[in-house]
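These are the residues of each chain, in order.
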Amino acid sequence: MSSATEPDYEVIVIGAGVAGIYQIKRLADLGVKATVLDTAGDLGGTWYWNRYPGARFDSESYTYGYSFSKELLNEWHWKERYSGQPENLRYLNYVSDKFDLRKYMQFNCTVEATHFDEEFNLWRLKIADGRELTCRFVIMTLGLLSTPTLPRIEGMDSFKGRSFHTYYWPHEPVELAGKKVAVIGTGATGIQVIGEIADKVGELTVFQRRPNWCAPLSNGPISDEEMADIRSRYDEIFSTCARTPGGFEHEPDRRGFNEVSREERLALWDGLYDQPGFGIWLRNFREIFTDEEANAELSEYMAERVRQRVDDPLIAEKLIPRDHGFGVQRVPLETKYLEAYNRDNVHLVDISETPLERVTESGLRTTERDYDFDIIIYATGFDAITGAFDHIDIQGVDGEKLRDRWRDGPSTFLGMFIHGFPNMFMPSGPQSGSASTNYPRGIETGVNWCTDLLEHMWDQGYIRADATLAAEERWTAHVTKMYSTMLMRKAKSWFTGYNSNVEGHEHGKVRYFVYNGGSPKYINNINVVAAEGYEGLDLTSGSGGAFRASSVNADNVSG
Ligand code: NA7
């Protein structure tokens, strides 16, 4: 327990996923007294929880791994171009064990509240097990998609079979053979799970509210020779990622949409459609994101692909989105998803026509009829990006609740700070670069920047950092302005903040969730802030326990 002015930890990191693991690595290297807290029974975040069949990267595996250690890059062999959940979790465990990071982590440890104590300039955390922990700095690495949402349908508790949200897929194997299975939701997760289990279950019934555009993943193994080649090119791969808007290897086609003929556009799309990963989305003309006509032409091309792959023309039409164009939401990548609907054991129920009325003891009831199931899978998405913040009672200066401040949507400085919540850092917060890019590339940038700031503060004897209101307003206005040209501002998706998974959000205001100016611009912005002496942050010096790395024994850091 802390003394009045000496906190238990200099830094507490909340969340032991991809970002939290790298954050604690940086702090451990500096010898800082720090710990990571996580609700889960073990590390891994997204890759700890999402164990549903078909869960895998949509980033090329070798662009998803951490870039900070040459040794690690040389040791790890990615087995598939888009690696699956079990392997991804193994990777994160391998990294944590290799760098001996586990000793800093505390699991089954839910942070219920964190309140800023102005008198002693520290954060007081209330843990669900009854403990109070204090720290000078709290770093939020909560994940973007870590608060799953369930539909509010009557009778959900009455179902006698098994049911779970994909996020909470059981750790032990689930027997699917011969079972009657329902999947509710056709986002990226539903699309992965449906493609994977269609030929493994007895009967599969998909309940779709709105269809989503999707594109082939084109996964495949990575041989020893290919991996050796990838290893020899890691510098080049990461520098490509750093200069592309999405932090991927995919670079946009910089020709103007209207500068080339329709034949040339079709030739480009024919080539991209079967390329692995986000090619058809991110190697496309830039106008598809901003110009209604360009987007409509591409969307029609994608609709035609659906018609070619789905045998029943009525089903094909149901699978084609009408309310948004291709690529204005993050594009689900699929394997055999569309072909699943050509199977006799797979059925599509359009719940925009016949809505779900209730869950019964034996299955689901729509306005049309009853269905019997053994298993109901809720692939119904997340209260994205800010949901995890809302789950913790976060109170800043004068007891102001973050939940209240962000009621209509987040507002931040650089996506990393909130005025009035001093010493709370968010390396991958809303409106940061990581929220809209290849996540590990984004979080390395955010974690490195936050850690550099901490080092600067410790060197200079600063004990408090708070964003100025003016800086926060400037940044939020900048983020907001960038939405004005983007078609994504109209989409009802977790990515844009009109999140249809959360009741009420889809009709509310647009929430400016992500920085959509692209990775290079974001990196430039935050580097300028640092170069100008952290302009926009009020840094306050003082006594009361400013950390000195040299005074801390690395052995006493664990939780
Ligand atoms: P998404 O993409 O937000 O998809 C959620 C799906 O669940 C979507 O089809 C929703 O339909 C559906 N949904 C949500 N609530 C309901 C209710 N109440 N009734 C019926 N259907 C509902 O989440 P995912 O988990 O699939 O993907 C998230 C990200 O994970 C993805 O982008 C990747 O980056 C990885 P709607 O469209 O709202 O009509």
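Quick caveat: nothing in here was measured; it's all calculated off a predicted structure.

Asks: Explain the layout of surface pockets here, please?
Replies: To locate leftover empty space, one rolls a probe as large as a water molecule over the atoms. One number sums up the size of the second largest pocket: a volume of about 640 Å³. Along its surface, the second largest pocket is lined by 30 residues, and Pro245, Phe289, Met486, Asn516 and Gly518 are the ones closest to its centre. Broken down by secondary-structure element, the contributors of at least two residues to the lining of the second largest pocket are helix H10 (279-282) and helix H17 (469-483). Each residue belonging to the lining of the second largest pocket can be placed in one class, and the counts come to 14 nonpolar, 11 polar and five charged. When residues are assigned to domains, the lining of the second largest pocket turns out to be shared by domain 1 (9-147 + 384-548) and domain 2 (182-378), each giving three or more.

Asks: I'm lost on the sheet that holds strand E12 (residues 346-350) in this one. Help?
Replies: The strands that make up a sheet are held in pairs by hydrogen bonds between backbone atoms, and each pair lies either parallel or antiparallel. Strand order across the open sheet formed by five strands is E7-E16-E8-E9-E12, with parallel pairing between neighbours. Edge positions in the sheet fall to strand E7 (162-165) and E12, since each has one partner strand and no second. Ignoring which end each strand starts from, the neighbouring axes of this sheet average 15° apart. In this structure, E7 lies alongside strand E16 (residues 375-378), joined through four bridges in parallel fashion. If you follow His165 over to E16, its bridge partner there is Tyr378. Across the face of the sheet, helix H6 (residues 188-197) comes into contact with strand E8 (180-184), strand E9 (203-208) and E16 while running at roughly 160° to E8.

Asks: In this structure, what is going on with unusual backbone geometry? I would like to understand it.
Replies: With phi around 55°, Asp100 is a residue other than glycine that occupies positive phi space. Tracing the backbone through its elements, the reader meets Asp100 in the loop between helix H5 (85-98) and strand E3 (105-106). At Gln431, a position not held by glycine, the phi torsion is positive, near 70°. Within the secondary structure, Gln431 sits in the loop between strand E18 (424-425) and helix H16 (439-460). Relative accessible area serves as the criterion here: at 0%, Gln431 is assigned to the buried category.

Calculation rules
Residues numbered from 1 in each chain as written. Predicted model: local features only at pLDDT ≥ 70, side-chain atom pairs only at ≥ 80, totals over all residues. Heavy atoms only, no water. 1 Å grid on protein atoms, 1.4 Å probe; cavity = no way out; pocket = protein on both sides within 12 Å on 5 of 7 lines; lining within 4 Å. Points joined across faces, edges and corners; volume = space filled by probe spheres on them. Helix = DSSP H or I, 4+ residues; strand = E, 2+ residues; numbered from the N terminus. Nonpolar A, V, L, I, M, F, W, Y, C, P; charged D, E, K, R; others polar. Domains from an automatic or database assignment. Pairing = 2+ DSSP bridges. Axes fitted to C-alpha atoms, helices over the stretch in contact; angles between N-to-C directions. Contact = heavy atoms within 4.5 Å. Buried < 20%, exposed > 50% of the residue type's maximum accessible area, 1.4 Å probe, protein only.

Honestly, that's just the spatial picture; any functional story needs more than this.
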